[in-house]
Amino acid sequence: MSRFRLYPTPAQQAALLGQCLHARYVWNLALEQWSMWTRDKGPTPGFPGQCRHLTEARAAFGWLRAGSQTVQQQALRDFDQAVKNFYAGTHQRPTWRKAGRHEGFRIVGGQASRWVKLNRKWAKVNVPKVGWVRFRLSQAVPEAKSYRITCDRAGRWHVAFAVVPPPIPAPGTGEVVGVDRGVTVSAALSTGELLTCPRLSGREQARLKHLQRCLARCRPGSNRRGRVKAAIAKLYARVTDRRKDWGEKTSTDLARRFDLIRVEDLRVKQLARRPKPKADPQRPGAYLPNRRRQKAGLNRGILANGWGLLVARLEHKAAGRVEKVKPAYTSQTCSVCGHCASENRESQAVFRCVACGHHANADVNAAVNIAAGRAVSARRETPVRVSSKREPQLATSA
Ligand SMILES: [Zn+2]
């Protein structure tokens, strides 16, 4: 994926949003058709059947006919892929697309290669039914068979050309690194480096809190509520950008410097779950405290550190050079003598071995254990089969 910031004029913005609306409408219609299936009905129409329905709908409704056929057909194609992914077990069930949240559409084929470089910093792309839209040339535009135009919650437009970049070659030094992911230190390396994922500053956090209180007092559907929501979305977009930037830079750096990268085999989604409610045995229907608020805080910490993102990107960039290690006891075992006891962990940050007296940063000690660790075989070794005609896709990792 090669993404550029798109700068449409207000008129073009309206046209782009119209295309997004068509794509969303067609997707939601396809989802409705798929989920309304019952045993007594015939087989659910697949992609070709739905395309025929789309042709009929376009003939019947002028507003749908006014939009681009490519955009609407690609929404059906996307949905078809989503259903296939769901049945293959790699993805969740397709969900409804919502205005303001899932804004985007795809252009394929010859139309996708209509872009012109204007000068050193700007280029323009010809979007069907919209016209030439300028985008910032932040990198070289790759040779791509399709692109996707999206609008995020903060109202920023992007164009992304679909290419899978080649993986980063190994340095060939034979060096191995262990990465321990944590909440206070985002990633500790076995070399002793402590890396922190940037977050919102204190002032930004205070502003976020203030805005959230404002939002709670706004009347639903009011203009003020819309403005406050946009301001909150902007802050969230900022922190997401920082996290992504950190993840990309860190993963590239690790892939360039080390031959083999070992990480703990954490299941971030399962880790960041809400705790189970604890039923009170004395009073039926009532519940005991289950430390839900504390867990919510920890979950926020886990998600704020971009653990999943870092490893996902590492697996793309250093393909075949990432090993997953069982995380059990890596934080309690001494990396020098191998003595394993919970007393070794003096505090959250300090590790002191009760057997040999080895003293180190607790996260670095864990990272050294991971670097020396035994590899757990990957859960999925055979790749999911894809048609040779399809766009290049990144390997799906469960
Ligand atoms: Zn020791």
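Rules of the game
- Residues numbered from 1 in each chain as written.
- Predicted model: local features only at pLDDT ≥ 70, side-chain atom pairs only at ≥ 80, totals over all residues.
- Heavy atoms only, no water.
- Helix = DSSP H or I, 4+ residues; strand = E, 2+ residues; numbered from the N terminus.
- Contact = heavy atoms within 4.5 Å.
- Donors = N, O, S within 2.8 Å, 3.2 Å for Na, K, Ca; no water.
- Tetrahedral: all angles 85-135°; square planar, octahedral: opposite > 155°, others 65-115°.
- pLDDT = per-residue confidence, 0-100.
- Pairing = 2+ DSSP bridges.
- Axes fitted to C-alpha atoms, helices over the stretch in contact; angles between N-to-C directions.
- Buried < 20%, exposed > 50% of the residue type's maximum accessible area, 1.4 Å probe, protein only.
- Arc of directions from axis to C-beta.
- Core = buried A, V, L, I, M, F, W, Y, C linked by side-chain atoms within 4.5 Å.
- Phe/Tyr/Trp six-rings, centres within 6.5 Å; stacked < 30°, edge-to-face > 60°.

1. Some points on the side chain of Thr 330
Residue position: Thr 330 is located in the loop between strand E14 (322-325) and strand E15 (350-352). Leave out the neighbours within four places in its chain, and Thr 330 touches Asn 365, Ala 366, Asn 369 and Ile 370.

2. Considering unusual backbone geometry
The phi dihedral of Lys 129 is positive, around 70°, even though this residue is not glycine. Tracing the sequence through the fold places Lys 129 in the loop between strand E4 (122-127) and strand E5 (131-136).

3. Details of the environment of Thr 55
Checked against the element boundaries, Thr 55 lands in helix H2 (residues 47-60). Sequence separation between Thr 55 and Ala 154 is 99 residues; the distance between their C-alpha atoms is 34 Å.

4. Here we look at the coordination of the zinc ion
Binding of the zinc ion to the protein goes through Cys 334 (SG), Cys 337 (SG), Cys 353 (SG) and Cys 356 (SG), at separations of 2.2 to 2.4 Å. Of note is the zinc ion, whose 4 donor atoms meet at the metal with angles of 107 to 112° in an arrangement that counts as tetrahedral. Sequence spacing of the donors to the zinc ion: C-x2-C-x15-C-x2-C.

5. Structural notes on the confidence of the model for the protein
Summing up the model confidence of the protein, the mean pLDDT is 85 and the portion of residues at 70 or higher is 93%. Here strand E17 (residues 375-376) stands out as the element of the protein with the lowest mean pLDDT, 42, in contrast to E5, whose mean of 94 is the highest. Of the regions scoring below 50 in pLDDT, residues 375-384 engages in 14 contacts with residues more than four places distant in sequence or in other chains.

6. Details of the sheet that holds strand E2 (residues 103-108)
In a beta sheet, neighbouring strands pair by backbone hydrogen bonds and run either parallel or antiparallel. The strand order across the open sheet built from 7 strands is E2-E6-E7-E1-E5-E4-E3, with neighbouring strands paired in antiparallel fashion. Lying at the two open borders of the sheet, with one neighbouring strand each, are E2 and strand E3 (115-117). Here the average twist between neighbouring strands, direction ignored, is 30°. Examined bridge by bridge, E4 and E5 share 6 bridges and lie antiparallel to one another. What sits directly across from Lys 124, in E5, is Arg 134.

7. Points about helix H9 (residues 307-317)
By the burial criterion, the buried members of H9 are Trp 307, Leu 310, Val 311, Arg 313, Leu 314 and Lys 317. End-on view of H9: buried residues confined to an arc of 165°, all on one side of the axis.

8. Observations concerning the nonpolar core
Within the largest apolar cluster, 38 residues are counted, with the highest numbers of intra-cluster contacts made by Leu 6, Phe 105, Val 127, Phe 135, Tyr 147 and Ile 149. Counting 17 residues, the second largest nonpolar core, distinct from the first, contains Ala 187, Leu 254, Ala 255 and Leu 310.

9. Describing the packing of aromatic side chains
All chains considered together, the criterion is met by 11 aromatic pairs. A centroid spacing of 5.9 Å and a plane angle of 75° characterise the contact between Phe 4 and Phe 161, whose relative ring orientation is edge-to-face. Of this pair, Phe 4 sits in strand E1 (residues 2-7) while Phe 161 sits in strand E7 (residues 157-161), and the two are 157 residues apart along the sequence. Judged by its relative accessible area of 1%, Phe 4 is buried. Seen from their ring centres, Trp 34 and Phe 79 are 6.0 Å apart, and the 80° between their planes marks the pair as edge-to-face. A residue pair is termed long-range when its members are at least 10 positions apart, and Trp 34 in helix H1 (residues 10-35) and Phe 79 in helix H4 (residues 69-88) qualify at 45 residues.

10. Focus: the pairing of strand E11 (residues 260-264)
Moving residue by residue along a regular strand, the side chains alternate between the two faces of the sheet. The element E11 is largely enclosed, with a buried count of 5 among its 5 residues. Side chains of E11 alternate between two faces, with Leu 260, Arg 262 and Glu 264 and Ile 261 and Val 263 buried alike. Bridge count between E11 and E14: 4 bridges; the pairing is parallel. Within E14, the residue paired with Val 263 across the bridge is Lys 324.

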